[in-house]
Amino acid sequence: MIEKAVKGQFGYLAAKRKLVLIRTIIFFAVPLSLLAAGIISTGSRRNLLTIVAVLGCLPACKSLVSLILYVRARGCGDEAHGILKASGGSLEGMYDMYFTSYRQNFAISHMVSAGKNLCGFTEDPKCGAKACEEHLTAMLRQGGCKEITLKIFTDLDKYCERLRQLNRLCEESGAGPDDGVIAVLYDISL
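Residues numbered from 1 in each chain as written. Predicted model: local features only at pLDDT ≥ 70, side-chain atom pairs only at ≥ 80, totals over all residues. Heavy atoms only, no water.

1. Description of the sheet that holds strand β1 (residues 93–100)
- Strand order in the open sheet formed by four strands is β1-β2-β3-β4, and the pairing between neighbours is mixed. With one partner strand each, in any of the chains shown, β1 and β4 (149–153) form the two edges of the open sheet. Neighbour-to-neighbour, the strand axes of this sheet turn through a mean angle of 30°, independent of strand direction.
- Summarising the sheet, β1 and strand β2 (residues 105–114) pair through seven bridges and their orientation is antiparallel. (Pairing = 2+ DSSP bridges. Helix = DSSP H or I, 4+ residues; strand = E, 2+ residues; numbered from the N terminus. Axes fitted to C-alpha atoms, helices over the stretch in contact; angles between N-to-C directions.)

2. Concerning helix α3 (residues 78–87)
- Along α3, the residues that are buried comprise Ala80, His81, Leu84 and Ser87. With its buried residues spanning 135° around the axis, α3 presents them on a single face. Exposed side of α3, more than 90 degrees from the buried face: Asp78, Glu79, Lys85 and Ala86 are the residues found there.
- Residue Gly89 follows α3 closely and has a positive phi angle near 60°. (Buried < 20%, exposed > 50% of the residue type's maximum accessible area, 1.4 Å probe, protein only. Arc of directions from axis to C-beta.)

3. With respect to the packing of helix α1 (residues 12–42) against helix α2 (residues 48–72)
- One way to put it is that α1 packs onto α2 with a least axis distance of 8 Å and a crossing angle of 165°. What the angle tells us is that α1 and α2 run roughly antiparallel. Crossing of α1 against α2: the hand is left-handed.
- Across the contact of α1 with α2, the residue classes break down as 21 nonpolar, six polar and three charged. (Parallel < 35°, antiparallel > 145°, perpendicular 65-115°, else oblique. Left-handed = near helix turned anticlockwise from the far one by under 90°. Nonpolar A, V, L, I, M, F, W, Y, C, P; charged D, E, K, R; others polar.)

4. A short note on the packing of aromatic side chains
- The tally for this structure, following the rule as stated, stands at three aromatic pairs.
- Seen in terms of ring centroids, Phe10 and Tyr95 are 5.8 Å apart; in terms of plane orientation they differ by 75°. Their pairing is edge-to-face. On the criterion of sequence distance, the pair formed by Phe10 in the segment before α1 and Tyr95 in strand β1 is long-range, its members being 85 residues apart.
- With relative accessibility at 30%, the residue Phe10 sits in the partly exposed group.
- Classification of Tyr95 by relative accessible area gives buried; the value is 10%.
- Judged by centre distance (5.7 Å) and plane angle (20°), the rings of Phe121 and Tyr159 are stacked. With Phe121 in strand β3 (residues 117–121) and Tyr159 in helix α5 (residues 156–173), this pair connects stretches of sequence that are 38 residues apart. Of the two residues examined, Phe121 and Tyr159, each falls in the buried class. (Phe/Tyr/Trp six-rings, centres within 6.5 Å; stacked < 30°, edge-to-face > 60°.)

Set out below in structure tokens:
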């Protein structure tokens, strides 16, 4: 059975990939069946059902584009998930975040917001950490979130150390996640 895909939870991209695959198959099956029904009933492609079938391919093709994006997107690995879950402490993490830009796509395995601090970890060697930081900073500014300190890590050990530091900082200052930042991140992620 396919579990409900909730953005920010571990396994979101895999679950969403399955849902979009099923939706795409159904969206293509309907116009193909209408085309076949029209050909069988009239003996020719020149009928009204052919027009309906062609128009029915539009949402199917849109769903196919979404499927391609979800197939390309990779989420947090099981090994990293276990380590991050242990290191996260009381911080609420966002898993399987995938951001797109005009130049590059950024697969972020895990992100944490603590006060005005935002940090993330990527397992993808193709993800340019600096370019991702610039893109997300620009998007957060456009979303009205200013003065955010953002750092994307490519080393899991350094990221876990930063998570421990943020946990201590949150315990001392009482700072929690910035809901505005999290809302913007969810809005701009796949």
